[in-house]
Structures are given as structure tokens and as C-alpha cells.
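Residue strings, one per chain:
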Amino acid sequence: MIRTVVLDIGETLTRDDRYWADWLGSPRHTLSALVGAVVVDGRDNADALRLLRPGLDVTAEYAAREAAGRGEQLDESDLYEDVRPALAAVRAAGVRVVVAGNQSPKAGRLLRSLDLPADVVAVSGDWGVSKPAAAFFERVSEVSGAPATETLYVGDHPANDIHPARAAGLRTAHLRRGPWGHWWADDSEVRAAADWSIDSLHDLVGIVNA
């Protein structure tokens, strides 16, 4: 029985394909290709920015982008189409919905302003700890309101979502979405670590109603 569904944010609820390419003066397809390259190589997505501009200080560049008025933005167009109907259906089934991912405090505020059908929206920037740290998933368990065995964590990234959530005793669903989700979807270790492998957030409705 699943009493709480907890969802990652980037490439689970929201698309991560805005802003950086334009800010760095790169064609968007070039940055997309570099993201694909670092995914295949098992590296962090920020390495794609460093390939585009060697020696880039991502934190400093983020601050410069914010200062220039071209920082983080988030609106309805950034959400995947299944987010609102799927989350609403999960809640209608009597299941608690929590959003928890690696995002800045500003991104958290922007996400809350969208008034998603969720009971809690939490981000690593507010918690002071980020995935894949065990302490992040301890916080997830605290806001879940249900035992770990009755809490389902949904995400696209094996190393940040599936493996650490499983290590924390949570149930897991790996989502085939975004670069990491597609690349690792059929990997045998990821399949073994995930209780469910899903192609859409709509698949969650069948899981919680089972």
C-alpha cells in the first residue's frame, strides 16, 4: 500500500532545457548534445556547461545571471503535460503528494506559486542538504507522514533518486523522462533497484490504486 507519493522536480515535473544556452551564447542544440554526452559518461549535468565554457564557475555564473535579471524562472510552460492531472488523480485516490528535489530556494518559491495539486513542496535549498545525501531522504521521510515502506519516491535519475531512496527504505519508481531517465530506463541495475519503471506520471494512479 502506498500512502504518500514523493516526486523529484527537474525532469520529473519540470523541463530543464531553458536559460543556460541563451545566457552562455550557445545554440540550444549544442548544449543539449553536451548534456547527452555527460549523461552517457556518468557525469554531472553541470559538466556540460564546463565543456561549453572550460573553467566555468557555475555558482558565480548563476549569481551573475541572477544579477542581470535573467535568472531562474518557472511558469506553467515548464511543467510536463501530465503533472497536474496525474498529481490531482493521485490525491483524489486519498494519497498524500509531496514534491521534493534539488532546487534553490527561489525555485521552491516559484514552484509553490504554481499551486500544484501537492500537499508539500520542499527543496534542497531550504533544507540545507541535497540528493543523493542520506540526510535528504531522512527529510523526505519526515514530511511524508507515512512509513518508508508506504512512501513512493519518483524520479528520473538513478544515482540521485532511485538508489539513495531505496537505501533509505523507500519504495521507488524510475521515470523514463529527460536525458537520465531515457538513458538508464532499461539498465538492469536500475530496473532491479526500482519497484516500478514508468513512462508517465499517469502510471502512478494505477500503482496507488493497486
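Relevant structure appears above.
Throughout what follows, the structure given in this document is the object of discussion. What you see is a predicted model; the values in this text were computed from it and never measured.

**Here's the deal with the overall build of the protein**
Move 1: The number of helices and strands found in the protein is twelve helices and six strands.
Move 2: The C-alpha atoms of the protein give 17 Å as radius of gyration, which agrees with the globular expectation for 210 residues (17 Å, within 12%).
Move 3: Taken along the three principal axes of its C-alpha coordinates, the protein extends 50 × 40 × 30 Å.
Move 4: Here the protein, with 210 residues, has 48% of them falling under the buried criterion.
Move 5: Long-range pairs, those at least 24 residues apart, make up 62% of the contacts in the protein with a sequence separation of at least 6.
Move 6: Summed over its atoms, the accessible surface of the protein is roughly 9,700 Å², and 51% of this surface lies on carbon and sulfur atoms.
Move 7: A distance of 3 Å separates the average location of the 22 positive side-chain charges in the protein from that of its 31 negative side-chain charges.

**Focus: the sheet that holds strand β5 (residues 171-175)**
Move 1: The strand order across the open sheet formed by six strands is β3-β2-β1-β4-β5-β6, and the pairing between neighbours is parallel. Where the open sheet ends on each side, the last strands, each with one partner, are β3 (120-123) and β6 (196-198). Strand after strand, the sheet turns through a mean of 20° between neighbouring axes, direction not considered.
Move 2: Examined bridge by bridge, strand β2 (residues 96-101) and β3 share four bridges and lie parallel to one another. Looking at β3, one finds that valine 98 is bridged to valine 120.
Move 3: Its contacts with the sheet put helix α6 (residues 105-113) on β2 and β3, and the angle it makes with β3 is roughly 165°.
Move 4: Those strands touched by helix α9 (residues 158-167) are β4 (151-155) and β5, and its axis lies near 160° from that of β5.

**Description of the environment of tryptophan 180**
Move 1: Topologically, tryptophan 180 is positioned in helix α10 (residues 178-184).
Move 2: As a C-alpha pair, tryptophan 180 and valine 35 span 145 residues in sequence and 9.6 Å in three-dimensional space.
Move 3: Discounting chain neighbours no more than four positions away, the residues touching tryptophan 180 are Val35, Val39, Arg43, Asn45, Asp156, His157 and His174.

About the cut-offs
Residues numbered from 1 in each chain as written. Predicted model: local features only at pLDDT ≥ 70, side-chain atom pairs only at ≥ 80, totals over all residues. Heavy atoms only, no water. Helix = DSSP H or I, 4+ residues; strand = E, 2+ residues; numbered from the N terminus. Rg over C-alpha atoms; globule rule 2.2 N^0.38 Å. Buried < 20%, exposed > 50% of the residue type's maximum accessible area, 1.4 Å probe, protein only. Contact = heavy atoms within 4.5 Å. Areas by Shrake-Rupley, 256 points an atom, 1.4 Å probe, with all protein chains shown as cover. Lys, Arg positive; Asp, Glu negative; His and termini not counted. Charge placed at Lys NZ, Arg CZ, Asp CG, Glu CD. Pairing = 2+ DSSP bridges. Axes fitted to C-alpha atoms, helices over the stretch in contact; angles between N-to-C directions.

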